[in-house]
Amino acid sequence: MTLLENPLRKTALALATAAAASMTFSVQAAEVEVLHWWTSGGEARAANVLKELMEAEGYGWEDFAVAGGGGETAMTVLKSRAMSGNPPSAAQIKGPEIQEWGELGLLGELDEVAGAEGWDELLPPTVADVMRHNGSYVAVPVNVHRVNWLWANPQVLEAAGVEMPTTLDELFAAGEAIREAGFIPLAHGGQAWQDATVFESVLLASGGTEFYQQAMVELDPEALGSERMIEALETFKRLRELMDADMSGRDWNIATSMVIEGSAGMQLMGDWAKGEFTAAGLTAGEEYLCAAAPGTQDAFTFNIDSLAMFRVEGEEREAQQALARLVLEPTFQEAFNLAKGSIPARPDLDMNGFDACAQQSMDDFQRTAEEGGLVPSMAHGMAVRADVQGAIFDVVTNYFNSRDMAAEEAARRMVNAAQAAL
Ligand code: BGC
């Protein structure tokens, strides 16, 4: 491959050219204010790509970053801003929540940009559907994250004499060996969304994709209260044995840094964790390992980040439309996703410049889309409405942290949580 064919090089060139072009603007045309929760090392590098591209076109960028993995705090802040009649130009809003904001009449449409840029042809229909409200585009997808991943430090695995686990039984066995070798087996942060992230991967492994779909997407009370659910809950709770005593409240990226530094062996987390390994300068497949979460090789829990556009006027709207256009252009899709750990939202891009984990993610995404196994992540707002998700989080985290709640009781509460919300 020549240097010019290399997509990474092309991206770097495009960014440099764009930055040079921006210097010719002395007055900024208009500004966008963008709410997001991309504040970890890798996330901030990714967000910066969009800021630079906007500035290169002569637009101003007002960063409205609200820290907190999973975005719960960001959503609370967004609600109070929107209620006071002063929403940002764009916000990181995902999945079914886009419809909820659309129903409130607060979102602006992007049909002109979408038409000019051919979004209907560019995006897979399942992705495009989520971005539309009442037939109009109101949001633009930035990426596809996979949630069911296991990350590991190869030196720790080697010191413990174990391989990357491929089943839940192997995970427990590897974890024991890692502990005996003097490391923390599984890095985790005790926050509700992280508990739910781990839980859904265990549910997928122990119940299979069809069962996951029935329980976490269709909220079928029979599935939620079933023996299979009880088994999954019990296995999930056993994972505590592989975690350390200081996990309570720990941020996800701090847990990732424990794997990077080698005090812990593994982490179950979505591929935004890869953004941290990348930011630390590590090479996939050599200095860190990735694999589908044990027992979920035939599944892909997807989590699509998107920016929804609020109804704004005048120059701000002009800047907002430029933002929407830039997000789906190849330059942004490549540079952002390389830093973020995700894969592009448009399937037509060359993946040669991406690492082995991203290439596996793209292959698995396409394979599971064809063969079945592609399911929306409950923990990351893709499967159910925000209130149902909140109720499920409560059950999962209370059970995980309780000394005496039986799995049967947690399953019963799961049924109630889903019913109350219907
Ligand atoms: C978002 C990611 C983000 C992660 C951790 C997920 O819900 O989709 O973009 O990196 O939370 O904050």
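By convention here, each chain's residues receive numbers from 1 onward along its written sequence. Reporting of local features is limited, given that this is a predicted model, to residues whose pLDDT is at least 70; pairs of side-chain atoms are given and counted only at 80 or more, and all residues count toward the totals for whole chains, interfaces and linings. The side-chain numbers reported here are obtained from all heavy atoms of the structure, hydrogens and water having been left aside.

### Concerning the overall build of the chain
- The secondary structure content of the chain amounts to 20 helices and 14 strands.
- Radius of gyration here uses only the C-alpha atoms, and the compact-globule reference equals 2.2 Å multiplied by the residue count raised to the power 0.38. The C-alpha radius of gyration computed for the chain amounts to 21 Å, which stays within 12% of the reference 22 Å derived for 422 residues, consistent with globular compactness.
- Projected onto its principal axes, the C-alpha coordinates of the chain cover approximately 60 × 50 × 40 Å.
- Remark: exposure states derive from per-residue accessible area (1.4 Å probe, protein chains only) relative to the maximum for the residue type, with buried under 20%, exposed over 50%, and partly exposed in between. Counting every position in the chain, which comprises 422 residues, the buried fraction comes to 57%.
- Counting only contacts in the chain whose residues sit at least 6 apart along the sequence, the fraction spanning at least 24 positions is 76%. Secondary structure follows DSSP: runs of H or I at least 4 residues long count as helices, runs of E at least 2 residues long count as strands, and numbering of each begins at the N terminus. Contacts are assigned to residue pairs that have any heavy atoms within 4.5 Å of one another.

### Considerations on helix H10 (residues 192–207)
- To estimate how far a helix should reach, multiply one less than its number of residues by 1.5 Å. Taking 1.5 Å as the rise per residue, H10 with 16 residues should run 22 Å; its terminal C-alpha atoms sit 21 Å apart, in good agreement.
- Across the 16 residues of H10, 13 count as buried, placing the element largely inside the fold.
- Residue Gly208 follows H10 closely and has a positive phi angle near 90°.

### A look at the environment of Leu110
- Relative to the assigned elements, Leu110 resides in the loop between helix H4 (96–103) and helix H5 (111–117).
- With 22 residues separating them along the chain, Leu110 and Arg132 place their C-alpha atoms 9.3 Å apart.
- If we ignore the near neighbours within four places in the chain, the residues touching Leu110 are Trp119, Tyr137, Val138, Ala139, Met309, Gln321 and Ala324.

### A closer look at the site of the ligand
- Residue proximity to a molecule or strand is established when one non-hydrogen atom of the residue lies within 4 Å of it. In the region of the ligand, 14 residues are neighbours, and Glu43, Lys94, Asp305, Lys340 and His380 sit closest.
- A 3.5 Å cut-off defines polar contacts: any pair of N or O atoms within that distance qualifies, except that in protein one atom must be a possible hydrogen donor and the other a possible acceptor, and neighbouring residues in sequence count only when both atoms are side-chain atoms. Separating an oxygen atom of the ligand from a side-chain N or O atom of Lys340 is a distance of 2.7 Å.
- Reported accessibility uses the Shrake-Rupley method at a 1.4 Å probe radius. Residues are deemed covered only where the shown protein chains occlude them. When the ligand sits alone it has 310 Å² of accessible area, and the protein chains cover 100% of it.
- Residues are grouped as follows: Ala, Val, Leu, Ile, Met, Phe, Trp, Tyr, Cys and Pro are nonpolar; Asp, Glu, Lys and Arg are charged; every other residue, Gly included, is polar. Its residues placed into classes, the shell around the ligand shows 4 nonpolar, 6 polar and 4 charged.
- Domain borders in the structure are assigned automatically or taken from a domain database. If you count residues domain by domain, the shell around the ligand takes at least three from each of domain 1 (9–143 + 304–363) and domain 2 (146–302 + 370–421).

### Focus on the sheet that holds strand S11 (residues 289–292)
- Only strands joined by at least two bridges in the DSSP assignment are considered to pair. Reading across from one edge, S9-S10-S8-S11 is the order of the 4 strands in this open sheet, with mixed pairing throughout. In this open sheet, the two strands that pair with only one neighbour each are strand S9 (184–186) and S11. Within this sheet the neighbouring strands show an average axis-to-axis angle of 20°, counted without direction.
- Note on geometry: axes are C-alpha line fits, over the in-contact stretch for helices, and angles between N-to-C directions span 0 to 180 degrees. Seen against the sheet, helix H14 (residues 252–261) touches strand S8 (149–152), S9 and strand S10 (264–268) and runs at an angle of roughly 140° to S10.
- Along the sheet face, helix H18 (residues 356–371) touches S8 and S11 and points at about 165° away from the line of S8.

### Let's talk about the confidence of the model for the chain
- Residue-level pLDDT values for the chain average 94, and 93% of them are 70 or greater.
- For residues 1–10, every residue scores under 50 in pLDDT, and the model assigns this stretch 13 contacts once sequence neighbours within four places are set aside.
- Every residue in residues 22–26 is under pLDDT 50, and counting partners more than four places away or in other chains gives 5 contacts. On a range of 0 to 100, pLDDT expresses the predictor's confidence in each residue.

### Details of the sheet that holds strand S7 (residues 145–146)
- Ordered by their spatial adjacency, 3 strands build an open sheet running S7-S12-S14, and the pairing between neighbours is mixed. Each edge of the open sheet carries a strand with a single partner, namely S7 and strand S14 (374–376).
- Pairing of S7 with strand S12 (residues 300–303) involves 2 bridges; the strand directions are antiparallel. Each residue of the ladder has a partner; that of His145, found in S12, is Asn303.
- With respect to the sheet, helix H11 (residues 209–217) is in contact with S12 and S14, its orientation differing from that of S14 by roughly 20°.

### Notes on the domain arrangement of the chain
- We note that the domain assignment places domain 1 (9–143 + 304–363) and domain 2 (146–302 + 370–421) within the chain.
- Each of domain 1 and domain 2 has a C-alpha centre, and these two points are 28 Å apart.
- Between domain 1 and domain 2, the contact holds 23 residues from the first and 26 residues from the second.
- Counting the surface lost from both domain 1 and domain 2, the interface buries some 2000 Å², and carbon and sulfur atoms represent 56% of this.
- Each salt bridge in this description consists of a side-chain nitrogen of Lys or Arg and a carboxyl oxygen of Asp or Glu lying within 4 Å of one another. Remark: the boundary between domain 1 and domain 2 carries 1 salt bridge.
- Counting across the interface, domain 1 meets domain 2 through 6 residue pairs in polar contact (both at pLDDT 80 or more).
- Elements with a contribution of two residues or more to the side of domain 1 that touches domain 2: helix H2 (41–56), H4, helix H17 (330–340) and H18.
- For the side of domain 1 that touches domain 2, the per-class residue count stands at 6 nonpolar, 10 polar and 7 charged. Two parts placed together each lose some accessible area under a 1.4 Å probe, and adding up what both lose gives the buried area.

### Considering the packing of aromatic side chains
- Any pair of Phe, Tyr and Trp rings, taking the six-membered ring for Trp, is counted once the centres come within 6.5 Å. Such a pair is stacked with planes under 30 degrees apart, edge-to-face with planes over 60 apart, and tilted for the rest. Considering all chains together, one arrives at 11 aromatic pairs under this definition.
- On the numbers, 5.2 Å between centres and 90° between planes, the contact of Trp119 with Tyr137 is edge-to-face. Taken together, the residues span a long stretch of sequence, with Trp119 in helix H6 (residues 119–122) and Tyr137 in strand S5 (residues 136–137) at a distance of 18 residues.
- Classification of Tyr137 by relative accessible area gives buried; the value is 4%.
- By way of ring pairs, the aromatic residues Trp149, Trp151, Phe277 and Tyr288 are connected into one cluster.
- Above the plane of the ring of Trp149 lies Arg146, whose end atom (NZ or CZ) is 5.0 Å from the centre.
- Two limits define a charge over a ring: the Lys NZ or Arg CZ must be within 6 Å of the ring centre, and within 35 degrees of the ring normal. The lysine or arginine in question, Lys237, covers the ring of Tyr399, its NZ or CZ lying 4.7 Å from the ring centre.

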